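Residue strings, one per chain:
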Amino acid sequence: MPSSTVENYLKTILRLEAEGEGATTVGEIARELGVTPGTVTTMMRHLRDRGLVDYEPRRGLSLKPEGTTEAMKVVRRHRLLELFLVEVMGLDWSEVHAEAEVLEHAVSDRLLDRIDAMLGEPTHDPHGDPIPDRRGILPEDRAVPLIEAEVGRWRVVRVCDDDSDLLGWLRKKGLRIGEEVDLSLADRIGGVLELSRHDGDRVRMGVDAAEQVYVEAVELPE
Ligand SMILES: [Zn+2]
């Protein structure tokens, strides 16, 4: 089994575990990866034999600690590579995800350490996603999707990294990670949200976009 395939499965299970409630299923993984449930089942037996997942047919499955560590290593490589491609290679944030999907399986630990040092041991990638540390540990995340936010002051902390059209659109609108904005309109039923920016600009977005932008509350001075 090529290691890149194993790594993509581990990464997918990690993401499903973070997003979902309850155990991850073979069906969910099959949908995510666009393969048949039979293919996933074969892989789960393989990963179980390697001590990376807990898996029992027709029950849910979950990553064992060793599996989580392996998956976090891939996430660390992916996010460091994205930052390297933006900061050093000068690529736009809308075009680095697909490149990192390939490179994350190829880069050696030695090269990755050099990239990490060169970038000053960064904590976040260009999309605001936290970079797991060497032990595979992520800082606590208190961000909420904009679509769930109430009207008020928020800081944009991250955006989904895999929708290059959305990233290009956000770039055009000038929205930046770390920027503080006022959510001035949150009409979820009507399907539109509006952000007011410091320069007086207003950015309107639909619910699909607002599901992919994550914000944190800003503590306002008394
Ligand atoms: Zn990415």
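Along each chain, the written sequence defines residue order, and numbers are assigned to residues from 1. Thresholds applied to this predicted model are a pLDDT of at least 70 for local features of residues and 80 or more for the giving and counting of side-chain atom pairs; totals over whole chains, interfaces and linings are not thresholded and use all residues. Only hydrogens and water are removed before side-chain values are computed, so all heavy atoms of the structure are retained for them.

Asker: Explain the environment of Ala209 here, please?
Answerer: Secondary structure elements follow DSSP: runs of H or I of four or more residues count as helices, runs of E of two or more count as strands, with numbering from the N terminus. Among the structural elements, Ala209 can be located in helix 8 (residues 207-210). Accessible area is worked out with a 1.4 Å probe on protein chains only. A residue is then buried under 20% of its type maximum, exposed over 50%, and partly exposed in between. Ala209 gets classed as buried once you look at its relative accessible area, which sits at 12%. Considering only alpha carbons, one finds Ala209 and Arg58, 151 residues apart in sequence, at a separation of 35 Å.

Asker: Any chance you could explain the pairing of strand 7 (residues 202-206) here in plain terms?
Answerer: The side chains of a regular strand alternate, residue by residue, between the two faces of the sheet. Residues Val203 and Met205 line the buried face of strand 7, whereas the alternating positions Arg202, Arg204 and Gly206 sit on a face that is not buried. Note on pairing: two strands pair once DSSP finds at least 2 bridges between them. Where strand 6 (residues 192-196) lies against strand 7, five bridges are found, and the strand directions are antiparallel. Its bridge partner lying in strand 7, Leu193 is registered against Met205. Counting the residues that bridge the hairpin from strand 6 to strand 7 gives five residues, and of these Gly200 lies at a positive phi of roughly 90°.

Asker: Would you mind showing me how to read the coordination of the zinc ion here?
Answerer: Reference values for coordination geometry: four tetrahedral donors around a metal ideally subtend 109.5 degrees, six octahedral donors ideally subtend 90 or 180 degrees. For Na, K and Ca the donor cutoff is 3.2 Å, while for all other metals N, O and S atoms must lie within 2.8 Å; water is not among the atoms, so some sites may look incomplete. Every protein donor of the zinc ion is listed here as His78 (NE2), Glu82 (OE), His97 (ND1) and Asp161 (OD), and their distances to the metal cover 1.8 to 2.2 Å. Each of the four donor atoms bound to the zinc ion contributes to angles spanning 94 to 129°, and the resulting shape is tetrahedral. In the primary structure, the donors to the zinc ion are separated according to the pattern H-x3-E-x14-H-x63-D. Residue His97 is found in helix 5 (residues 96-103), and its partner Asp161 is found in the loop between strand 4 (152-159) and helix 7 (164-173); the two are separated by 64 residues along the sequence. Like Asp161, His97 is buried. Here a site with four donors is tetrahedral if all angles are between 85 and 135 degrees, and a site with four or six donors is square planar or octahedral if opposite donors are over 155 degrees apart and the other angles are between 65 and 115; anything else gets the irregular label.

Asker: It is not clear to me how the packing of helix 4 (residues 65-87) against helix 5 should be interpreted in this structure. Could you clarify?
Answerer: Axes are the key here: two packed helices are described by the angle between their axes and the distance separating the axes. At their nearest, the axes of helix 4 and helix 5 sit 9 Å apart, and the two run at 130° to each other. Classed by the angle they form, the pair helix 4 and helix 5 counts as oblique. Helix 4 and helix 5 meet at a crossing whose hand is right-handed. Here helix 4 contributes His78, Leu81, Glu82, Leu85 and Val86 to the contact with helix 5, which in turn contributes Val96, His97, Glu99, Ala100, Glu101 and Leu103. Polar here means any residue outside two lists: the nonpolar Ala, Val, Leu, Ile, Met, Phe, Trp, Tyr, Cys and Pro, and the charged Asp, Glu, Lys and Arg; Gly therefore counts as polar. In terms of residue class, the contact of helix 4 with helix 5 is built from six nonpolar, two polar and three charged. To obtain each axis, a line is fitted to C-alpha atoms, and for helices this fit is confined to the stretch in contact; angles are then taken between N-to-C directions over 0 to 180 degrees. Our angle categories are set so that under 35 degrees counts as roughly parallel, over 145 as roughly antiparallel, 65 to 115 as roughly perpendicular, and the remainder as oblique. Take the far helix as the reference: if the near one is turned anticlockwise from it by less than a right angle, the crossing is left-handed, and if turned clockwise, right-handed. It only takes one pair of heavy atoms within 4.5 Å for two residues to be counted as in contact.

Asker: So what exactly am I meant to see when it comes to the domain arrangement of the chain here?
Answerer: Domain delimitation in this document rests on an assignment produced automatically or drawn from a domain database. Its domain assignment divides the chain into domain 1 (3-63) and domain 2 (144-217). Centre-to-centre, using C-alpha coordinates, domain 1 lies 32 Å away from domain 2.

Asker: Looking at this structure, I do not really get the sheet that holds strand 6. What am I missing?
Answerer: The strands that make up a sheet are held in pairs by hydrogen bonds between backbone atoms, and each pair lies either parallel or antiparallel. The strand order across the open sheet built from six strands is 3-8-4-5-6-7, with neighbouring strands paired in antiparallel fashion. In the strand order of this sheet, the two ends are held by strand 3 (144-145) and strand 7, each with one partner. In the packing of helix 7 onto the sheet, the strands contacted are strand 4, strand 7 and strand 8 (213-217), and the crossing angle to strand 7 comes to about 165°.

Asker: Can you walk me through the pattern of salt bridges in this structure?
Answerer: When charged atoms on two side chains of opposite charge get close, those side chains can pair. Counted as salt bridges are all cases of a side-chain nitrogen of Lys or Arg within 4 Å of a carboxyl oxygen of Asp or Glu. According to the stated counting rule, one finds 18 salt bridges in the structure shown. A salt bridge links Asp113 to Arg134; the nearest nitrogen and oxygen atoms lie 3.0 Å apart. In this pair, Asp113 is assigned in helix 6 (residues 109-118) and Arg134 in the loop between helix 6 and strand 3, connecting sequence segments 21 residues apart. On the accessibility criterion, Asp113 (36% relative accessible area) is partly exposed. Accessibility expressed as a relative area gives 52% for Arg134, which makes it exposed.

Asker: Got a minute to help me understand helix 7 in this structure?
Answerer: For the α-helix, the turn length of 3.6 residues means that residues three or four positions removed from each other point alike. Those residues of helix 7 not exposed but buried are Leu166, Leu167 and Leu170. One side of helix 7 carries all its buried residues, which in axial view fall inside an arc of 100°. When the buried face of helix 7 is taken as reference, the exposed residues oriented beyond 90 degrees from it are Asp165 and Lys172. The elements touched by buried residues of helix 7 are strand 4, strand 7, helix 8 and strand 8. Backbone geometry just after helix 7 places Gly174 at a positive phi near 80°. What the arc covers is the set of directions going from the helix axis to the C-beta atoms.

Asker: Quick question: what am I supposed to make of the layout of surface pockets here?
Answerer: Picture a little ball the size of a water molecule; that probe, rolled over the atoms, points out where space is still empty. Only protein atoms enter the calculation, which uses a 1 Å grid: trapped sets of points that fit a 1.4 Å probe without letting it out are cavities, open sets showing protein on both sides within 12 Å along at least five of seven lines are pockets, and any residue with an atom within 4 Å of a point is a lining residue. Grid points are joined across faces, edges and corners, and a volume is the space filled by probe spheres set on the points. One number sums up the size of the largest pocket: a volume of about 930 Å³. Along the wall of the largest pocket there are 28 residues; nearest its centre are Arg15, Glu19, Arg79, Asp129 and Asp161. Elements with a minimum of two residues in the lining of the largest pocket: helix 1 (3-19), helix 2 (26-33), helix 4, helix 5 and strand 4. Here the lining of the largest pocket gets seven residues from one element, more than from any other, and that element is helix 1. For the lining of the largest pocket, the per-class residue count stands at 12 nonpolar, four polar and 12 charged.

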